[in-house]
Amino acid sequence: NAGVTQTPKFRVLKTGQSMTLLCAQDMNHEYMYWYRQDPGMGLRLIHYSVGEGTTAKGEVPDGYNVSRLKKQNFLLGLESAAPSQTSVYFCASCGIRNFYEQYFGPGTRLTVT
Amino acid sequence: QQQVKQSPQSLIVQKGGISIINCAYENTAFDYFPWYQQFPGKGPALLIAIRPDVSEKKEGRFTISFNKSAKQFSLHIMDSQPGDSATYFCAAHSGGSNYKLTFGKGTLLTVNP
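Please read all numbers here as calculations on a predicted model, not as lab measurements. (Residues numbered from 1 in each chain as written. Chains lettered and ligands numbered in written order. Predicted model: local features only at pLDDT ≥ 70, side-chain atom pairs only at ≥ 80, totals over all residues. Heavy atoms only, no water.)

**Student:** So what exactly am I meant to see when it comes to the overall build of chain B here?
**Tutor:** On a plain count of helices and strands, chain B comes out with 0 helices and 11 strands. Starting at the N terminus, the α and β elements of chain B follow one another as β-β-β-β-β-β-β-β-β-β-β. In terms of overall size, chain B behaves like a compact globule, its C-alpha atoms giving a radius of gyration of 14 Å where 113 residues would be expected to give roughly 13 Å. With the principal axes as the frame, chain B shows a C-alpha extent of 45 × 30 × 20 Å. Counting contacts in chain B only where the partners sit at least 6 residues apart, residues at least 24 apart contribute 53% of the total. Put simply, chain B has 11 plus and 7 minus side-chain charges, and the middle of one group is 5 Å from the middle of the other. (Helix = DSSP H or I, 4+ residues; strand = E, 2+ residues; numbered from the N terminus. Rg over C-alpha atoms; globule rule 2.2 N^0.38 Å. Contact = heavy atoms within 4.5 Å. Lys, Arg positive; Asp, Glu negative; His and termini not counted. Charge placed at Lys NZ, Arg CZ, Asp CG, Glu CD.)

As structure tokens, this is what we get:
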């Protein structure tokens, strides 16, 4: 039982490049989330999904896209990376019963130069 | 608009002391108030949570105090230990079919030996 895993752990991009961050969970959770964490800003929700095939915008969705084609996977895409997207990205998931207990992955540290 | 205000931003406590972190909210629709703990290089993890119809919840050295009329809640860490050094986030869950948590900006706790 690996919980929530994220790929990759680190990445450096040049401005304008694209990439996809992969999140996978093995807990059969319905809900999945992508956050970014920046110093002094806490955790800000980018996009989330309440089930396979569904996605919704969070607090800071601009510049990101997501897809949830399979229940266990949630992908975060950056189409044209900008230095403002330098951050640590966390994926989380939770089940219907314990809706307040989100399980977080280990994070992806992204630097855009 | 920040819906959950957390203070202080950072806190230094001596070993054996009491650490207190405070949060305030405006949205009366919030129906659950979890606290998350994050160690450096790791994702946040649920520490303790409380419902608004309970004034206090204790788990070991960790206690949540909840004041519904003042729309405030706080985390108390008794007998603080160096191993408690981490970033702590308060959060609030909106009721109904809203599946999101709103996080405070976090408190960096340092417990000196």
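**Student:** When you look at the overall build of chain A in this model, what are you seeing that I'm missing?
**Tutor:** Along its length, chain A carries 0 helices and 11 strands. Listed by position from the N terminus, the elements making up chain A come as β-β-β-β-β-β-β-β-β-β-β. Against the compact-globule benchmark of 13 Å for 113 residues, chain A has a radius of gyration of 13 Å, which places it among compact chains. On the principal axes, the C-alpha backbone points of chain A span a range of 40 × 30 × 25 Å. Per-residue burial for chain A yields a buried fraction of 50% across its 113 residues. Within chain A, contacts between residues at least 6 apart in sequence are counted, and of these 55% link residues at least 24 apart. Computed over 11 positive and 8 negative side-chain charges, the separation of the two mean positions in chain A equals 6 Å. (Buried < 20%, exposed > 50% of the residue type's maximum accessible area, 1.4 Å probe, protein only.)

**Student:** Looking at this model, I keep getting lost on the sheet that holds strand β7 (residues 64-67) of chain A. Mind explaining?
**Tutor:** What links the strands of a sheet is backbone hydrogen bonding, and the strands pair in either a parallel or an antiparallel sense. All names here are of chain A. Strand order in the open sheet made by the 4 strands is β1-β3-β8-β7, with antiparallel pairing throughout. In this open sheet, the two strands that pair with only one neighbour each are β1 (4-7) and β7. Across the sheet, the mean angle separating the axes of adjacent strands is 20° when strand polarity is ignored. Sheet analysis places strand β3 (residues 19-25) next to strand β8 (residues 73-78), joined by 6 bridges and oriented antiparallel. Pairing of Leu-22 across the sheet is with Leu-75, part of β8. (Pairing = 2+ DSSP bridges. Axes fitted to C-alpha atoms, helices over the stretch in contact; angles between N-to-C directions.)

**Student:** Mind showing me how you'd approach a nonpolar patch on the surface here?
**Tutor:** Side chains of Ile18(B), Ile20(B) and Met78(B) sit close together on the surface and give an oily, nonpolar patch of about 240 Å² of accessible area. Checked against the element boundaries, Ile20(B) lands in strand β3 (residues 19-25). (Patch = residues over 30% accessible without salt bridge, like charges linked within 9 Å, V, L, I, M, F, W, Y side chains within 5 Å. Areas by Shrake-Rupley, 256 points an atom, 1.4 Å probe, with all protein chains shown as cover. Salt bridge = Lys/Arg side-chain N within 4 Å of Asp/Glu carboxyl O.)

**Student:** Please clarify how the pairing of strand β11 (residues 107-112) of chain B should be interpreted in this entry.
**Tutor:** Look at any regular strand and the pattern is simple: side chains alternate between the two faces of the sheet. Residues and elements named next belong to chain B. On β11, burial follows the alternation: Thr-107, Leu-109 and Val-111 on one face are buried, whereas Leu-108, Thr-110 and Asn-112 on the facing-out side are not. Two elements, strand β2 (residues 10-14) and β11, share 5 bridges in a ladder whose sense is parallel. The residue bridging Gln-14 from the neighbouring strand is Asn-112, located in β11. Judged from the 3 bridges that link them, strand β9 (residues 86-94) and β11 form a sheet pairing that is antiparallel. Bridge pairing links Thr-87 to Leu-108 in β11.

**Student:** So what exactly am I meant to see when it comes to the state of the cysteines here?
**Tutor:** What we call a disulfide is simply a covalent bond connecting the sulfur atoms of a pair of cysteines. Scanning the entire structure with this criterion turns up 2 disulfides over all chains. Here Cys94(A) is not disulfide-linked; the sulfur of Cys91(A) is the nearest cysteine sulfur, at 11 Å. (Disulfide = S-S within 2.5 Å.)

**Student:** Help me out: how do you make sense of the side chain of Thr108(A) in this one?
**Tutor:** All names here are of chain A. Mapping Thr-108 onto the fold places it in strand β11 (residues 108-112). Exposure remark for Thr-108: the relative accessible area of 1% places this residue in the buried category. Apart from the residues within four sequence positions on either side, Thr-108 is in contact with Gln-6, Thr-7, Pro-8, Lys-9, Leu-21, Ser-87, Val-88 and Tyr-89.

**Student:** Hey, could you run me through the interface of chain B and chain A in this one?
**Tutor:** By a frequent convention, interface size equals the accessible area lost on bringing the separate parts together. The interface is formed by 20 residues belonging to chain B together with 19 residues belonging to chain A. Carbon and sulfur atoms make up 66% of the area that chain B and chain A hide from each other, which totals about 1,700 Å². A per-residue breakdown of the area chain B buries against chain A is headed by Tyr99(B), Lys100(B) and Phe103(B), which together make up 32% of the total. Counting across the interface, chain B meets chain A through 0 salt bridges. Contributions of two or more residues to the side of chain B that touches chain A are made by β4 (30-38), β5 (45-50), β9 and β10 (101-103) of chain B. (Buried area = accessible area lost by both parts, 1.4 Å probe.)

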